[in-house]
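# Breakdown of the fold
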Amino acid sequence: QIYIKIRTTEALEVRAQLKVRENDILVLFAGKLEQVKNPELLLNAFSNMKKNNVHLVFVGNGVLEYGLKFKVKNHNIANVYFMNFQNQTQMPVIYQACDLFCLPSRSETWGLAVNEAMACGKAILVSDKVGCAIDLVNDQNGRVFESENLVDLSQKLIALTNDQSTLKKMGENSLELIQNWSFEQQVNAIVSYVNR
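One structure accompanies this document, and this report is about it. Note on numbering: residues in each chain are counted from 1, in written sequence order. Totals for whole chains, interfaces and linings use every residue, but because this is a predicted model, local features are given only for residues with pLDDT of at least 70 and side-chain atom pairs only at 80 or more, for both listing and counting. Note that water and hydrogens are dropped before the side-chain values are worked out from all heavy atoms of the structure.

## Points about the overall build of the protein
For the record, the criterion: Where helices and strands are cited, they refer to DSSP runs of H or I of at least four residues and of E of at least two residues respectively, numbered from the N terminus. To get the radius of gyration, use the C-alpha atoms; to get the globule rule, take the number of residues to the power 0.38 and multiply by 2.2 Å. Residue exposure (1.4 Å probe, protein chains only): buried if accessible area is under 20% of the type maximum, exposed if over 50%, otherwise partly exposed. Contact between two residues is taken to exist if any of their heavy atoms lie within 4.5 Å; hydrogens are not considered. Surface accessibility follows the Shrake-Rupley procedure with a 1.4 Å probe radius. Residue values consider only the protein chains on display as shielding. Asp and Glu count as negative and Lys and Arg as positive, but His and the ends of the chain are not part of the count. Note on charges: their place is set at NZ of Lys, CZ of Arg, CG of Asp or CD of Glu.
Summing up its helical and strand segments, the protein has nine helices and six strands in all. Taking 2.2 N^0.38 as the reference for a compact globule, 196 residues should give roughly 16 Å; the C-alpha atoms of the protein span a radius of gyration of 16 Å, in line with that estimate. Considered along the principal axes of its C-alpha atoms, the protein spans approximately 60 × 35 × 30 Å. Buried residues in the protein amount to 49% of all 196 residues. Long-range pairs, those at least 24 residues apart, make up 69% of the contacts in the protein with a sequence separation of at least 6. Carbon and sulfur atoms form 52% of the exposed surface of the protein, whose accessible area is close to 10500 Å². With 20 positive and 20 negative side-chain charges, the protein shows a separation of 4 Å between the mean positions of the two kinds.

## Thoughts on the packing of aromatic side chains
Aromatic ring pairs are described here by two measures, namely the spacing of the ring centres and the angle between the planes. Put simply, the test is: Centres within 6.5 Å are what make two rings of Phe, Tyr or Trp a pair, Trp counting through its six-membered ring; a difference in plane orientation under 30 degrees is then read as stacked, over 60 as edge-to-face, and the rest as tilted.
Under the definition given, this model contains four aromatic pairs. Every member of this aromatic cluster is reached through a ring pair, and the members are Phe 29, Phe 58 and Phe 82.

## Section: the packing of helix H5 (residues 112–119) against helix H8 (residues 164–178)
Counted only if it meets this: Note on geometry: axes are C-alpha line fits, over the in-contact stretch for helices, and angles between N-to-C directions span 0 to 180 degrees. Just so you know how the angles are binned, under 35 degrees is roughly parallel, over 145 roughly antiparallel, 65 to 115 roughly perpendicular, and the rest oblique. The residue classification treats Ala, Val, Leu, Ile, Met, Phe, Trp, Tyr, Cys and Pro as nonpolar and Asp, Glu, Lys and Arg as charged. All others, Gly included, are polar.
Closest axis-to-axis distance for the H5/H8 pair is 7 Å, and the angle between their directions is 110 degrees. Taken as axis vectors, H5 and H8 run roughly perpendicular relative to one another. Along its contact with H5, which presents Asn 115, Met 118 and Ala 119, the element H8 presents Ser 174, Leu 175, Leu 177 and Ile 178. Broken down by class, the residue content of the contact of H5 with H8 amounts to five nonpolar, two polar and no charged.

## Notes on the state of the cysteines
As a reminder, the rule being used: Disulfides are defined in this document as cysteine sulfur pairs within 2.5 Å.
Going through the model one piece at a time under the given rule, you end up with zero disulfides. Looking at Cys 102, it has no disulfide partner, and the nearest cysteine sulfur is the one in Cys 98, 11 Å off.

## Observations concerning the environment of Ile 94
Residue placement: Ile 94 occurs in helix H4 (residues 91–97). The exposure class of Ile 94 is buried, given its relative accessible area of 3%. When the C-alpha atoms of Ile 94 and Leu 56 are compared, they prove to be 12 Å apart, with 38 residues separating the residues in sequence. With residues up to four places along the chain from it excluded, the contact list for Ile 94 reads Val 14, Leu 28, Val 59, Met 83 and Gln 86.

## So, the nonpolar core
Stated precisely, the cut-off is as follows: Nine residue types can take part in a nonpolar core, namely buried Ala, Val, Leu, Ile, Met, Phe, Trp, Tyr and Cys, and a core is a set of them joined through side-chain atoms within 4.5 Å.
Leu 28, Phe 101 and Val 114 are the most contacted members of the largest nonpolar core, which totals 33 residues. Residues contacting Val 114, with those up to four places away along its chain left out, are Phe 101, Leu 103, Ile 124, Val 126, Val 130, Cys 132, Leu 136 and Val 137. Within the second largest apolar cluster, 28 residues are counted, among which are Ile 25, Leu 100, Leu 167 and Met 170.

## A look at unusual backbone geometry
The phi torsion at Asn 38 lies on the positive side, around 60 degrees, for a residue other than glycine. Tracing the chain through its elements places Asn 38 in the loop between strand E1 (25–30) and helix H2 (39–49). For Asn 38, a relative accessible area of 5% puts it in the buried group. For Asn 79, which is not glycine, the phi dihedral falls at a positive 65 degrees. Within the element layout of this structure, Asn 79 appears in the loop between helix H3 (65–74) and strand E3 (80–83).

## Notes on the pattern of salt bridges
Note the threshold: Salt bridges, as used here, are contacts in which a Lys or Arg side-chain nitrogen is within 4 Å of a carboxyl oxygen on Asp or Glu.
Counted by the stated rule, this structure contains 10 salt bridges. When the shortest N-O distance is used, the salt bridge between Arg 106 and Glu 148 registers 3.3 Å. Separated by 42 residues along the polypeptide, Arg 106 in the loop between strand E4 (100–103) and H5 and Glu 148 in the loop between strand E6 (142–145) and helix H7 (150–160) bring together distant segments of the chain. Judged by its relative accessible area of 29%, Arg 106 falls in the partly exposed class. Classification of Glu 148 by relative accessible area gives partly exposed; the value is 48%. The partner of Arg 143 in a salt bridge is Asp 139, with the nearest N and O atoms 3.6 Å apart.

Okay, structure coming up:
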């Protein structure tokens, strides 16, 4: 089984630093700010929503960082924050601070961050180019959108951010689902396949 130490106090501190209220919804992108991860698509979808109670945080650095920050400032896009790359020991706190994890990649062999977010009990929104989408994301724990389709991403982002309690339930479903994806479970599956 996967066990993640619950670090509620630290997670609440992260939200407080970002000025995200308890009942507000925080969407998280964590990864390199580069073309293949497509963070700009997420920013565009977020800026279309204009919901005062929804916030977006980008965690990571990369070649697109300056352009994303410029766009936020130049277009006065509210409730968008940037955090530098975080050490792996700090990432569980970041995941726990959010309500929805989004990975809008154009290409992603698997998408380990999805496993991590699910292990922290979070709802998931990913593109159909994220390798793990077919195995890990369903209507019970999130949504999959068509890669590079701004309308599809926007619609699913709006739907998912309508209700924090639904996101919480989806997060619980994520946690339950990911329990079967431990290293031990994978080894047992391989051994069973080889021995059949």
